Amino acid sequence: MIPPSSRLRPLQVAVLALLAISALVLATAIRNGRPTFPTTALPHPPADTPADRASTLGPAAAAPRPDTRPAFTPPSAASLPDTAFGKTVRQGEQIFLHTPQNAPQFAGNNLNCSSCHLDAGRRPDAAPMWAAYVMYPAYRAKNGHVNTLAERLQGCFRFSMNGKPPAADDPVLVALQTYMFWLADKAPTGVPLKGHGYPKLAAPPQKADYLRGSQVYARNCAVCHGDEGQGQKNGEHWVFPALWGPDSFNWGAGMHQLKNAAGFIKANMPLGRGGLLSDQEAWDVAYFMNAHERPQDPRYTESVAKTRAKYHDSEDSLYGLEINGHLLGSEAPPSGGRLAQGTGR
Ligand code: HEC
Ligand code: HEC
């Protein structure tokens with residue numbers, strides 16, 4: 001069992017140090033009236049319309065409306081019972097926080113679930129797990145059928161973690177689902193909650209642009225994620241996750257879609273200063289990040305062009321497009337990361 005204090009990891013210490021350095025900027029932002037996290041009303045229909053469930057899983061609704069979704073607060077860690085059930089919840093939390101360490105047979109990169117679902121899957125507007133739990137089983141256009149929560153999580157390992165999906169009854173998936181169930185304790189079932197998913201930004205005023213994105217990146221992101229998006233390690237310990245390249249999420253992951261990346265970045269990055277970027281800057285930097293090579297889509301079939309036609313035929317994906325003289329996907333490292341290379345632990 002892991003004491004709560006172990007959650008203050010070296011990563012967080014490093015982050016805190018960096019945040020201290022940027023305190024001046026933050027102070028300015030606060031003076032300018034910018035909240036740390038965006039409080040803008042999100043485009044969502046009222047929770048009681050039949051169309052609601054579909055719209056939260058599909059594209060953004062057209063017109064902004066007041067956010068009428070019910071608020072929810074997950075239980076505090078202190079309330080977790082010291083039982084066999086509580087033990088499995090803690091295992092799930094540890095897998096979520098340190099995925100390659102605790103699920104090495106399934107993780108192909110060095111991201112954690114919490115790299116994209118912040119605060120151990122608790123943070124609103126970072127696709128929190130309490131809000132996700134109550135929305136499954138759900139139909140997904142990505143694979144054209146109703147997915148159980150277990151199947152949804154299998155997809156996270158295959159794409160976001162660039163790894164291998166655990167079997168539906170694998171202890172790793174059991175622990176993750178137990179953790180999610182506990183986080184969602186007493187939340188209403190089938191109701192989209194406030195803070196669910198990533199915010200859906202309106203289309204950018206100007207078409208997203210690589211050059212502008214590179215400037216946003218240099219100013220706001222490179223200090224942590226590296227000039228080449230490679231992330232940063234402290235010895236063997238990963239401090240900041242990679243945004244592209246061989247150790248990142250693969251071309252099949254949700255974060256490669258521009259709308260997901262723009263919404264996540266706007267609400268959550270730079271870390272601890274969500275809401276700092278304008279919508280235009282968030283779209284531009286999402287475009288820049290996703291206009292770089294990353295591990296191949298594990299659904300790759302025959303050629304980049306055919307794979308684009310089959311799985312990426314949308315403005316939301318840059319896969320198979322030529323940007324800066326490079327055909328994205330044509331030099332993708334193999335999917336599966338270190339699992340494919342046989343160097344997994
Ligand atoms: C690289 C970032 C990234 C990582 C790492 C990641 N996810 Fe996600 N996750 C996303 C994105 C983006 C979405 C939204 C995808 C979409 O809408 O297509 C998502 C969606 C989900 C959902 C559905 C949320 C909802 O409200 O329907 C669950 C559950 C989930 N992830 C769990 C996990 C778990 C568990 C892990 C670790 C094994 C993980 N994710 C790792 C980016 C990530
Ligand atoms: C202060 C350091 C810091 C800055 C600056 C920063 N990030 Fe992050 N970023 C992180 C950390 C740390 C995580 C993982 C969160 C966690 O583990 O709690 C992360 C996660 C991410 C992720 C999801 C995980 C992945 O590797 O794909 C994306 C995407 C991302 N950041 C993009 C950006 C962008 C774009 C910017 C600039 C606008 C930025 N970040 C600025 C520290 C930072």
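Keep in mind it's a predicted model, so treat the numbers as computed, not measured. (Residues numbered from 1 in each chain as written. Chains lettered and ligands numbered in written order. Predicted model: local features only at pLDDT ≥ 70, side-chain atom pairs only at ≥ 80, totals over all residues.)

Take the overall build of the protein chain next. A count of helical and extended segments in the protein chain gives 16 helices and six strands. When burial is assessed residue by residue, the protein chain has 42% of its 345 residues classed as buried. Considering only intrachain contacts with a sequence separation of at least 6, the fraction spanning at least 24 residues in the protein chain is 68%. (Helix = DSSP H or I, 4+ residues; strand = E, 2+ residues; numbered from the N terminus. Buried ≥ 20, exposed ≤ 12 C-beta atoms within 10 Å, placed from the backbone. Contact = placed C-beta atoms within 7 Å.)

Let us now look at helix α11 (residues 210-220). If you check which residues of α11 are buried, you get G213, V216 and N220. Taken down its axis, α11 places every buried residue within 60° of arc, on the same side. Next to the buried residues of α11 lie α14 (279-290). (Arc of directions from axis to C-beta.)

Turning our eyes to something else, we now look at the site of ligand 2. Residues in contact with ligand 2 amount to 26 residues; listed here are only the nearest, C221, C224, P241, M269 and P270. Of all the secondary structure elements, the ones that give two or more residues to the shell around ligand 2 are α1 (10-21), α6 (113-116), α12 (222-225) and α14. Here the residues of the shell around ligand 2 are counted per class, giving 21 nonpolar, five polar and no charged. (Near = placed C-beta within 6 Å. Nonpolar A, V, L, I, M, F, W, Y, C, P; charged D, E, K, R; others polar.)

Ligand 1 sits among 24 residues. The nearest are C113, C116, A132, S160 and G254. Every element with two or more residues in the shell around ligand 1 is listed here: α6, α8 (129-133) and α9 (149-160). In terms of residue count, the dominant contributor to the shell around ligand 1 is α9 (five residues). Considered class by class, the residues forming the shell around ligand 1 number 15 nonpolar, eight polar and one charged.

What follows deals with α9. The end-to-end C-alpha distance of α9 is 16 Å, a good match for the 16 Å that twelve residues give at a rise of 1.5 Å each. When we look at burial in α9, the residues that qualify are L149, L153, Q154, C156, F157, R158, F159 and S160. Where α9 is buried, its residues meet α6 and α10 (171-183). (Expected span 1.5 Å × (residues − 1).)

So, on to the confidence of the model for the protein chain. With 80% of its residues at a pLDDT of 70 or more, the protein chain shows a mean pLDDT of 86. Counted against residues more than four places away or in other chains, residues 1-8, with its pLDDT under 50, gives six contacts. In the predicted structure, residues 15-61 sits below a pLDDT of 50 and forms 62 contacts with residues beyond four places in sequence or in another chain. (pLDDT = per-residue confidence, 0-100.)

Moving on, we get to the nonpolar core. Grouped together as the largest cluster of nonpolar side chains are 64 residues, with contacts concentrated most on L176, I265 and A286. Listing elements by their share of this core, those giving two or more residues are α4 (84-97), α6, α7 (118-121), α8, α9, α10, α13 (258-268) and α14. The leading source of residues in this core is α10, at eight residues. Those residues in contact with L176, other than ones at most four positions away along the chain, are G92, I95, F96 and L153. (Core = buried A, V, L, I, M, F, W, Y, C linked by C-beta atoms within 7 Å.)

To continue, consider the pairing of strand β4 (residues 237-240). Looking at chain direction, strand β3 (residues 232-234) and β4 are connected through three bridges and run antiparallel. Bridge pairing links Q232 to F240 in β4. Linkage of β3 to β4, two consecutive antiparallel strands, is achieved through a turn of two residues, within which G235 is found at a positive phi near 65°. (Pairing = 2+ DSSP bridges.)

Where α11 meets α14, the closest approach of the two axes is 7 Å, and the angle between their N-to-C directions is 100°. Taken together, α11 and α14 sit at an angle that is classed as roughly perpendicular. Within the contact between the two elements, α11 uses Y210, R212, G213, S214, V216 and Y217 and α14 uses E281, D284, V285, Y287 and F288. Tallied by class, the residues present in the contact of α11 with α14 amount to six nonpolar, two polar and three charged. (Axes fitted to C-alpha atoms, helices over the stretch in contact; angles between N-to-C directions. Parallel < 35°, antiparallel > 145°, perpendicular 65-115°, else oblique.)

It is worth spelling out unusual backbone geometry at this point. Residue P137 is reached from Y136 by a cis peptide bond, and omega for that bond is 0°. Here P137 lies in the loop between α8 and β1 (138-140). Residue M269 is joined to P270 through a cis peptide bond whose omega torsion reads -5°. Along the chain, P270 turns up in the loop between α13 and α14.

Let's shift gears to the packing of α4 against α10. Orientation of α4 relative to α10, taken along the N-to-C sense of each, is 105°, at an axis distance of 7 Å. The angle between α4 and α10 places the two elements in the roughly perpendicular class. Between α4, through T88, V89, Q91, G92, E93, I95 and F96, and α10, the contact on the second element is made entirely by V172, A175, L176, T178, Y179 and W182.

What follows is about the environment of P295. Structurally, P295 can be placed in the loop between α14 and α15 (304-311). Exposure remark for P295: the 26 C-beta atoms within 10 Å place this residue in the buried category. When the C-alpha atoms of P295 and P334 are compared, they prove to be 5.5 Å apart, with 39 residues separating the residues in sequence.

So, about the environment of I265. Relative to the assigned elements, I265 resides in helix α13. Classification of I265 as buried rests on a count of 26 C-beta atoms within 10 Å. Between the C-alpha atoms of I265 and Y198, which are 67 residues apart in sequence, the distance is 9.1 Å. Ignoring any residue separated from it by four or fewer positions in sequence, one finds I265 in contact with L277, A282, V285 and A286.

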